[in-house]
Amino acid sequence: MKKSALLLLLVFVFACEGPVPRKPVQRKSGSFFKASVERSRKLLALEEQQIQEIIRLDSLKHYEHSAAGSWYHYNRVNDTATYTPKTDDLVVLSYNILSLNNDTIYSQEEIGTLTYKVDKQELFQGLRDAIKLLKENEKATFLFPSSLAFGYHGDNERIDSNLPIKSTIEILKIEQKQGKTENLKP
């Protein structure tokens, strides 16, 4: 009896241990992601250097740097308008896409006139940001690093991987979302 009680006691003691967690076979160090981030930083620095060289050589124009990371200069300014597009507005625009060497990738005629619902339709990031900077009847040329253009993937047609681009964008008409009032800037 003592042996069976002792055996029963031992079974209960060892059976009460919780499950032992399994250890991963491989441990991820994050080095792949760190290397990817470093490659992206170097690429962006190189592209910004190219863009700064274009700006330096184009001294007749005044380039501005947008908060999104592109550079632009106005080809035509509308001093009478005060409203810039906001989310849900409909914008009629035209644009082209060039390489930084001014080689035409997509002409304005090829793309045609586009009606875009601000922040609700898919366009490349730089174009979405640029539209919000221009007023009706304004035209500007933007220089986009590849991260704001078509990125590492390109467009699967004519735009290669990691290609910085130049685009001249013209806002033809802005139709404000119903219920909005004119945005008056001081």
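What you see is a predicted model; the values in this text were computed from it and never measured.

Procedures and definitions
- Residues numbered from 1 in each chain as written.
- Predicted model: local features only at pLDDT ≥ 70, side-chain atom pairs only at ≥ 80, totals over all residues.
- Heavy atoms only, no water.
- Core = buried A, V, L, I, M, F, W, Y, C linked by side-chain atoms within 4.5 Å.
- Buried < 20%, exposed > 50% of the residue type's maximum accessible area, 1.4 Å probe, protein only.
- Helix = DSSP H or I, 4+ residues; strand = E, 2+ residues; numbered from the N terminus.
- Contact = heavy atoms within 4.5 Å.
- Polar contact = N/O pair within 3.5 Å; in protein donor to acceptor, adjacent residues only side chain to side chain.
- Phe/Tyr/Trp six-rings, centres within 6.5 Å; stacked < 30°, edge-to-face > 60°.
- Lys NZ or Arg CZ within 6 Å of the ring centre and 35° of its normal.

Undergrad: Mind showing me how you'd approach the nonpolar core here?
TA: One recurring pattern in soluble globular proteins: nonpolar side chains tend to sit buried together. Ranked by size, the top nonpolar core spans 26 residues in total, and within it Leu93, Ile97, Leu127, Ile131, Phe142, Phe144 and Ile169 carry the most contacts. When residues of this core are assigned to their parent elements, the largest contribution, four residues, is made by strand β8 (residues 165–175). Filtering out sequence-adjacent residues up to four positions away, Phe144 remains in contact with Ile51, Ser70, Phe124, Gly126, Leu127, Ala130, Ala149, Pro164, Ile165, Ser167 and Ile169. The next biggest cluster of nonpolar side chains, apart from the first, holds seven residues, and it includes Ile51, Ile55, Tyr63 and Leu100.

Undergrad: What is the right way to read the side chain of Asp89 from this model?
TA: Assignment of secondary structure puts Asp89 in the loop between β2 (71–76) and β3 (90–95). Judged by its relative accessible area of 0%, Asp89 falls in the buried class. Within the structure, the side chain of Asp89 is placed 2.4 Å from the side chain of Tyr83, a separation counted as a polar contact. A distance of 2.8 Å separates the side chain of Asp89 from the backbone nitrogen of Lys177, its partner in a polar contact.

Undergrad: How should I be thinking about the packing of aromatic side chains in this particular structure?
TA: Within a pair of aromatic rings, the relevant descriptors are the distance that separates the centres and the angle that separates the planes. Inspection of every chain in the model, using the stated rule, returns five aromatic pairs. Aromatic pair Tyr72 and Tyr74: ring centres 5.6 Å apart, planes at 80 degrees, arrangement edge-to-face. For Tyr72, a relative accessible area of 6% corresponds to the buried category. Taking the relative accessible area as the measure of exposure, Tyr74 reaches 28% and is therefore partly exposed. When the centroid spacing of 4.9 Å and the interplanar angle of 40 degrees are considered together, the rings of Phe124 and Phe150 count as tilted. Remark: Phe150 occurs in the loop between β7 (139–144) and β8 and Phe124 occurs in the loop between β6 (114–117) and α4 (125–131); sequence separation between them is 26 residues. According to the relative accessible area criterion, Phe150 is partly exposed, its value standing at 24%. Taking NZ or CZ as reference, Lys86 lies 5.3 Å from the ring centre of Tyr83, over its face.

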